[in-house]
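Tertiary structure, described
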Amino acid sequence: MNASKSDAAAKSSRSVAERAPDTIDVLSVLSRQRWTIAFFSLLGLALGIAYALNSQVWYQSAAKILVSQTNAESSEKATSETVNTDVLANHMEVLRSRKIVEAAMEHGNLESLESITPFITDDDDAVDYVIERLELTKGGVGGAKDARSLRIAFSHTDPEEARQILDWIVLEYQDFIVNQLKNVMNGANELVIKAKNEVQTELKVAEADYLRARKEAPLLFQGEGSSNIYQDKYRRLEDELLDLQIQEASVRTRLDGVVKALDEIKESNSTADQLDKLALIDSESIERLALFAGLGLNDSRSAEFQATQPERMAEAQTQYNHMLELMSEKQRLSAVFGEGHPKVQDIDDEIALVKNFLAERQDKLATGGGLGLETIGPETLLRAYVGFLKHDLSAFDERKKELEILSKNAENKAKDLIDFELRDQVLRKNIERQEELFAGVVHQLRELDTAQALSGYTYELLETPRLGIKVWPLLSISSLGGLALGLLFGVSLAVANDFRDGRFRSAAELDDAIGLPTLGRIGKLNSISQGVKGLIATELSPDAEAFRMGRTLLLPDIRSGKLRTLGLSSPMQGDGKSTVASNFAVSVSQLGLKVLVIDADLRRPSQHRYFSVDITGGLTDIIAGTLSFENSLKSSDAENVTVITAGSSTNTPAETLQSTELDKVLALAVEQFDLVIIDLPPVLAVSDPLVVAPRINGLILVVRAATARRDEVANTMRRLRSAGGELVGCVLNTFGSGKKFNADGGYYGYYESSYTRPQKANRAAVSSRIAKPSRASGDAMVAESSNGRHIEDESV
């Protein structure tokens, strides 16, 4: 075998003991452990039946109560409503309470019942026993699962006494509801009535306070949602005062400008400059000054002047008024279009013409004559304008004082009205709280009203306690339960056992685990007592073909000289390695090759029995030097097969095999024979195989599937490789294994056909052909076997 295959096989064998299936084959596990599962299932069924037949019998008595609540709006008409879940829970607690159960046991004289006495202990009395056996459930079944009903059940060993105990518990529960609960509710009723009176008194006080406050309310307050007119008036006065302050500031600014202009007029005598200063006059004041100028001119006219210059006077007056109008228009257009607009430029040109005209007429309008400009000139008009502005400031000051007084008054009244609004809200909320509290108290009072025989709740016994019926144990449930538990335990134990079992479960699993070529699968063979006649290597059978398959796989290395010495061993004794060695030797010899079989199993030798030769004069004698190699060779009835037996017994087999004489024996054997087959002891039993392994060309590992474990096979391969041995293949002994190791697909089906079956005329010749086996026995035919027949070897 080449080195790469050997390395791959070595790596695979190192993890044989650690490998496990990736997934659990449940069906395979159940099949392998079926008897374990069946045993525990039947055991569980038997225990369940035994429990049902021998355990204490329990009987159960049951009753049903409907709990309803009535809401009485009047003494004549009442409506019934189902109670909520919390109320049912409260009633359940009452039923199972020690107070109710103890009173029932006492009134019914039930503590002395003989059926209860066995269950009384130092820690639990009769009442505790009854409470423990009580079962309370709410609601019905099916579509009535939300019904507000209570089912009470009691389990006991005596059916009649179970009914009697439950009957007294129900009666005591009804008495408690009618008496104790009524007293509690009456006390609550008194408290609620007292609270109602107190709340009603406080509500009346709150209403009186509100009425008094409304009478004292301001005239303009009309209740919730009305606006605060004083607050609105305050805002308007403040806005007006702000506008007045802005106007005042504007007038003061203009006044400062006009006063400055008058000072400049005093320093300049130019009429044109005086006329330019008239531009400081605003448009509104120009109208007033125009009226003033007209009045002045009328006063300055005399009879003499009117008689002399009527036309000039009219013209001058017209031009002067026209210039004032132009200045007013310029101010308006400048504010609208800006200084650079064409219309503003046109007015500037027209004003310039009027100024020139008035300048030309200045000499004609001298002081005391003309139009009287000595009294009404530009300076006079500006002074008059100053008077107007001062008058305006005085008016602004008076108005501002008036607005401040009105604003302060409106502010105070607005604050008073806001305070009252807040107080009104507080009073109304107080009334609302008192009304809600009063309504709640009245509602509680109606719910707690017990004036009409506890009309708040109704209790109807839908089902009276009946004679107890058997509830446990039931044979069907106990049997099924025992069977299920037994089955569960059996399956669990089966899976655990299967995981703990380190044996191989199929041939494919073993092949994958060890990583060695499978040279054949052998089943049951003939008895060792038949000697060489018992060997089947010359027969036409699946087992014989298995040996031929191994021969075919190793033949290339044998013919090339790579495999001249071949050892056979196994993990433990009883694996069939001696039987395989003898049959394999015969199979190889059928090809005309000279084969030497050396029995190196010095502790339990067996090759002399397979080949029907004398055991004396063998390997131990050669190593001891008492016998030569040639004299130790023994011919057998199998053609081309020579045997060296174990020889004389020895107390030190390992040391004997460790001798260098064994190397000489192997060297002589290789010179004279085509193949030397060495029967070695089991690897895990003794150390002998490890001594011989490094001295030979190859090793065949024989594994018995029924008994071999993963860790044993792994340790065997590891020891052989550690010692220097070269494993070339594996032979599988399927005796006693399961179906997974039998044929695996059909070599038996093939060999059972008529194709390989000898003809009737030749059967006797085939069966007697031992010394002269057929050399054309189908080297190319490979077969795996597993028909369950036993390989007889040294363990038999």
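Throughout what follows, the structure given in this document is the object of discussion.

Criteria and thresholds
Residues numbered from 1 in each chain as written. Predicted model: local features only at pLDDT ≥ 70, side-chain atom pairs only at ≥ 80, totals over all residues. Heavy atoms only, no water. Helix = DSSP H or I, 4+ residues; strand = E, 2+ residues; numbered from the N terminus. Patch = residues over 30% accessible without salt bridge, like charges linked within 9 Å, V, L, I, M, F, W, Y side chains within 5 Å. Areas by Shrake-Rupley, 256 points an atom, 1.4 Å probe, with all protein chains shown as cover. Salt bridge = Lys/Arg side-chain N within 4 Å of Asp/Glu carboxyl O. Buried < 20%, exposed > 50% of the residue type's maximum accessible area, 1.4 Å probe, protein only. Contact = heavy atoms within 4.5 Å. Axes fitted to C-alpha atoms, helices over the stretch in contact; angles between N-to-C directions. Parallel < 35°, antiparallel > 145°, perpendicular 65-115°, else oblique. Left-handed = near helix turned anticlockwise from the far one by under 90°. Nonpolar A, V, L, I, M, F, W, Y, C, P; charged D, E, K, R; others polar. Pairing = 2+ DSSP bridges. Right-handed = clockwise from strand over helix to strand, strands pointing away. Lys, Arg positive; Asp, Glu negative; His and termini not counted. Charge placed at Lys NZ, Arg CZ, Asp CG, Glu CD.

1. What about the environment of Arg433?
Tracing the backbone shows Arg433 in helix H15 (residues 378-447). Spatially, the C-alpha atoms of Arg433 and Val199 are 9.9 Å apart, while their sequence positions differ by 234 residues.

2. Thoughts on a nonpolar patch on the surface
Residues Tyr51, Trp472, Leu474 and Ile477 make up a contiguous nonpolar surface patch of roughly 340 Å² in combined accessible area. Following the sequence through the fold, Leu474 ends up in the loop between strand S6 (469-472) and helix H16 (475-500).

3. Section: the side chain of Ser582
Tracing the backbone shows Ser582 in helix H19 (residues 577-589). Ser582 gets classed as buried once you look at its relative accessible area, which sits at 0%. The residues contacting Ser582, other than those within four sequence positions of it, are Leu535, Gln607, Tyr610 and Phe611.

4. Some thoughts on the packing of helix H5 (residues 98-107) against helix H6 (residues 126-133)
Between H5 and H6, the least distance of the axes is 10 Å, while the angle of their chain directions is 120°. In terms of axis orientation, H5 runs oblique to H6. When the axes of H5 and H6 are compared, the crossing they make is right-handed. In contact with Arg98, Val101, Glu102 and Met105 of H5, H6 contributes Ala126, Val127, Asp128, Val130 and Ile131. Among the residues forming the contact of H5 with H6, the class breakdown is six nonpolar, no polar and three charged.

5. Points about the pairing of strand S13 (residues 698-704)
Counting buried residues along S13, seven of its seven residues qualify, which places the element largely inside the surrounding structure. Burial of S13 is two-sided: the residues Gly698, Ile700, Val702 and Arg704 facing one way and the residues Leu699, Leu701 and Val703 facing the other way are all buried. Strand direction decides the pairing type here: strand S8 (residues 565-569) and S13, joined by four bridges, are parallel. Across the sheet, Leu568 pairs through a bridge with Ile700, a residue of S13. Sheet analysis places S13 next to strand S14 (residues 727-733), joined by six bridges and oriented parallel. Bridge pairing in S14 places Leu701 opposite Cys730. Once the chain exits S13 it traverses helix H26 (residues 710-722) before rejoining the sheet at S14, and the crossover so formed is right-handed.

6. Details of the packing of H5 against helix H7 (residues 159-178)
The relative placement of two packed helices is expressed as an angle between their axes plus a distance between the axes. Remark: H5 packs on H7, axes separated minimally by 8 Å, with the N-to-C direction vectors making an angle of 120°. Classified by the interaxial angle, the pair formed by H5 and H7 is oblique. Note that H5 runs across H7; the crossing there is right-handed. Counting all contacts with H5, which are made through Lys99, Ile100, Ala103, Ala104, Met105 and His107, the residues of H7 involved are Ile165, Trp168, Ile169, Glu172, Tyr173 and Phe176. For the contact of H5 with H7, the residue count by class is nine nonpolar, one polar and two charged.

7. Overview of unusual backbone geometry
A negative phi holds for most residues other than glycine; trans holds for most peptide bonds. In this structure, Pro473 follows Trp472 across a cis peptide bond, with omega equal to 0°. In this structure, Pro473 sits in the loop between S6 and H16. Although it is not a glycine, Asn640 sits at a positive phi angle of roughly 70°. Inspection of the secondary structure puts Asn640 in the loop between strand S10 (634-635) and strand S11 (641-644). Using a relative accessible area of 24% as the deciding quantity, one classes Asn640 as partly exposed.

8. A look at a negative patch on the surface
A surface patch of negative charge is lined by Asp122, Asp123, Asp124 and Glu132. For Asp123, the location among the structural elements is in the loop between H5 and H6.

9. Description of the sheet that holds S11
In space, the eight strands of this open sheet follow the order S7-S14-S13-S8-S12-S9-S11-S10, with mixed pairing throughout. The sheet is open, and its two edges are formed by strand S7 (518-522) and S10, each paired on a single side. Sheet topology note: the S10/S11 ladder contains two bridges and is antiparallel. Each bridged residue has a counterpart across the sheet, and for Ser635 the counterpart in S11 is Thr642.

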